[in-house]
Amino acid sequence: MSDHVVLHVKGRVLVGPEEVRDELWAVDGRITYERPRSAEAVVVEGWALPGLVDAHCHVGLDQHGAVDAPTSEKQAVTDRDAGTLLIRDAGSAADTRWIDDRDDLPKIIRAGRHIARTRRYIRNYAHEIEPGDLVAYVAREARRGDGWVKLVGDWIDREAGDLTACWPRGEVEAAIAEAHRLGARVTAHCFAEDSLRDLVEAGIDCIEHATGLTEDTIPLFAERGVAIVPTLVNIATFPRLAAGGEAKFPRWSAHMRALHARRYDTVRSAYDAGIPVFVGTDAGGSLAHGLVAAEVEELVKAGIPPLEALSATTWGARAWLGRPALQEGAPADLVVYDSDPRADVRVLAGPRRVILNGRVIG
């Protein structure tokens, strides 16, 4: 990491979707548009964007549960080197607070640990509880997290042989109200259709995956301003999952294939209705880290305009999460590219320079 405290970024600085400046400086880790008195600076040239956002990522988690600190560090570094400098960690069984003390690793907004029904989620991931304990556990994670709580809204019910909702309406309403009282927003993992109306009408703030959106629930999401994080790079795994469960749960397998088949139409219909859509990869379970550029490409493939897909991992995502972009005085977290990512989002896959807290990484 560079020892310089002054950095000069020249070229095209994308302060917003349409606001472009010719240069900025980073002084002691903060952005300024006023030329500093110091004449010595590291110069970086290119097209600069705010550090990318992965709004559904799991640092500290793999397919078996919590991982150790060196593995967590490797995950965070992989995301950072791909340009992801702000992560909403949508549930982790590991304590990753030590990352906050590292100025060379991405900033993380944590949702605490997943909250799931007993034996209705991936082993070793979640607090597995019954509905009577939901309010207490939501309050606990609201106090432990960084302003978010993560529920598992649906999962396979082995008796039904398909995805079903995990929580009764009354308990969900009480739990979300308690989270809001404590100043936290609530999101939920939802693949299927059945849980969505109750969660949205109960006041939920976001739905992860949202593959079960239909023409009946899309207007409700739009009316309430409930965001979705589609994680299309993860939804791409549905056919493989369905094949693995075919013999034991044929109904579930057929359902997963149907959700996969309509995934692009679902996302486009949500966007067209005015539902806020943000970029998330679901890295850290069975999925690799560093896939943020691939997810932006998937949103474009689904029919979201390139500039809006770009905003979903930059300006728009940061505003939604309450974090600054490239404003005066903001942390100097930015990614520099060789060409204009607004013209072709595939540019995101090859950052020229990653700058974190005003320092060039690598």
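Heads up: the structure comes first, above all this text.
Residues numbered from 1 in each chain as written. Predicted model: local features only at pLDDT ≥ 70, side-chain atom pairs only at ≥ 80, totals over all residues. Heavy atoms only, no water.

A closer look at the sheet that holds strand S2 (residues 20-27)
By definition, the strands of a sheet pair up through backbone hydrogen bonds, in either a parallel or an antiparallel sense. Reading across from one edge, S3-S2-S1-S4-S18-S19-S20 is the order of the 7 strands in this open sheet, with mixed pairing throughout. If you trace the sheet from one side to the other, it starts and ends with strand S3 (30-32) and strand S20 (359-361), each paired once. The average angle at which neighbouring strand axes cross in this sheet is 40°, direction not considered. (Pairing = 2+ DSSP bridges. Helix = DSSP H or I, 4+ residues; strand = E, 2+ residues; numbered from the N terminus. Axes fitted to C-alpha atoms, helices over the stretch in contact; angles between N-to-C directions.)

Quick notes on the side chain of Lys150
For Lys150, the location among the structural elements is in strand S12 (residues 148-152). Here Lys150 is buried and forms no salt bridge, its nearest opposite-charge partner Glu208 lying at an N-O distance of 5.8 Å. (Buried < 20%, exposed > 50% of the residue type's maximum accessible area, 1.4 Å probe, protein only. Lys, Arg positive; Asp, Glu negative; His and termini not counted. Salt bridge = Lys/Arg side-chain N within 4 Å of Asp/Glu carboxyl O.)

Here we look at empty space enclosed by the protein
Going through the model one piece at a time under the given rule, you end up with 1 cavity of 30 Å³ or more. Roughly 50 Å³ of internal volume is contained in the largest cavity. Forming the boundary of the largest cavity are His209, Ala210, Thr211, Leu213, Ile228, Pro230, Leu232, Ile235, Arg263, Thr266 and Val267. Elements with a minimum of two residues in the lining of the largest cavity: helix H6 (232-235) and helix H9 (263-272). Among the elements that take part in the lining of the largest cavity, H9 stands out by supplying 3 residues, more than any other. A breakdown of the residues in the lining of the largest cavity according to their chemical character gives 7 nonpolar, 3 polar and 1 charged. (1 Å grid on protein atoms, 1.4 Å probe; cavity = no way out; pocket = protein on both sides within 12 Å on 5 of 7 lines; lining within 4 Å. Points joined across faces, edges and corners; volume = space filled by probe spheres on them. Nonpolar A, V, L, I, M, F, W, Y, C, P; charged D, E, K, R; others polar.)

Topic: the sheet that holds strand S8 (residues 84-89)
Across the sheet, 3 strands lie side by side as S5-S8-S9; this open sheet has parallel pairing. Of all the strands in the sheet, just strand S5 (52-57) and strand S9 (107-110) have a single pairing partner and so form its edges. The mean angle between the axes of side-by-side strands here comes to 20°, regardless of whether they run parallel or antiparallel. Taken together, the 4 bridges between S5 and S8 define a ladder with parallel strand orientation. Note on S8: the bridge partner recorded for Leu52 is Thr84.

A few points about the pairing of strand S16 (residues 206-209)
Where strand S15 (residues 185-190) lies against S16, 4 bridges are found, and the strand directions are parallel. Along S16, the bridge assignment pairs Ala188 with Ile207.

Considerations on the packing of helix H2 (residues 134-144) against helix H3 (residues 169-181)
Packed helix pairs are characterised by how far apart their axes lie and by the angle those axes make with each other. The geometry of H2 relative to H3 is characterised by a closest axis approach of 9 Å and an angle of 25° between their N-to-C directions. Looking at the two axes, H2 sits roughly parallel to H3. Once H2 is placed against H3, the crossing between them reads as right-handed. Across from Leu134, Val135, Val138, Ala139 and Arg143 in H2, the residues of H3 making contact are Glu171, Val172, Ala174, Ala175, Glu178, Ala179 and Arg181. Of the residues assigned to the contact of H2 with H3, the class counts are 8 nonpolar, no polar and 4 charged. (Parallel < 35°, antiparallel > 145°, perpendicular 65-115°, else oblique. Left-handed = near helix turned anticlockwise from the far one by under 90°. Contact = heavy atoms within 4.5 Å.)

Re the pairing of S12
With 5 of its 5 residues buried, S12 lies for the most part within the structure. Residues Trp148, Lys150 and Val152 of S12 are buried on one face, and the alternating residues Val149 and Leu151, pointing to the opposite face, are buried as well.

Observations concerning helix H10 (residues 292-301)
Every α-helical turn comprises 3.6 residues, leaving residues that sit three or four positions apart pointing alike. Buried residues of H10: Val292, Ala293, Glu295, Val296, Glu298 and Leu299, and no others. At the C-terminal side of H10, Gly303 shows a positive phi close to 110°.

Brief notes about the packing of aromatic side chains
What the rule picks out here adds up to 6 aromatic pairs. An aromatic cluster is built from Tyr121, Tyr125, Trp155, Phe191 and Phe238, whose rings are joined through pairwise contacts. Here the basic side chain of Arg21 rests over the ring of Tyr33, its NZ or CZ set 4.1 Å away from the ring centre. Positioned above the aromatic ring of Trp148 is the side chain of Arg88, whose terminal nitrogen or guanidinium carbon lies 4.6 Å from the ring centre. (Phe/Tyr/Trp six-rings, centres within 6.5 Å; stacked < 30°, edge-to-face > 60°. Lys NZ or Arg CZ within 6 Å of the ring centre and 35° of its normal.)

Details of helix H8 (residues 250-261)
Along its 12 residues, H8 runs 16 Å from first to last C-alpha, staying within 8% of the 16 Å computed at 1.5 Å per residue. Among the residues making up H8, those that are buried are Trp252, Ser253, His255, Met256, Leu259 and His260. The buried residues of H8 occupy one face: seen down the axis, they fall within an arc of 160°. Along H8, the residues that are exposed and aim more than 90 degrees away from the buried face are Arg251 and Ala261. If you follow the buried residues of H8, they end up packed against strand S13 (154-157), strand S14 (162-165), H6, helix H7 (238-245) and H9. (Expected span 1.5 Å × (residues − 1). Arc of directions from axis to C-beta.)

Concerning unusual backbone geometry
Within the chain, His209 stands out as a residue other than glycine whose phi angle is a positive 80°. Residue placement: His209 occurs in strand S16. By relative accessible area, His209 is classed as buried at 3%. Notably, Asn357 is not glycine yet its phi reads approximately 55°, a positive angle. Exposure remark for Asn357: the relative accessible area of 22% places this residue in the partly exposed category.

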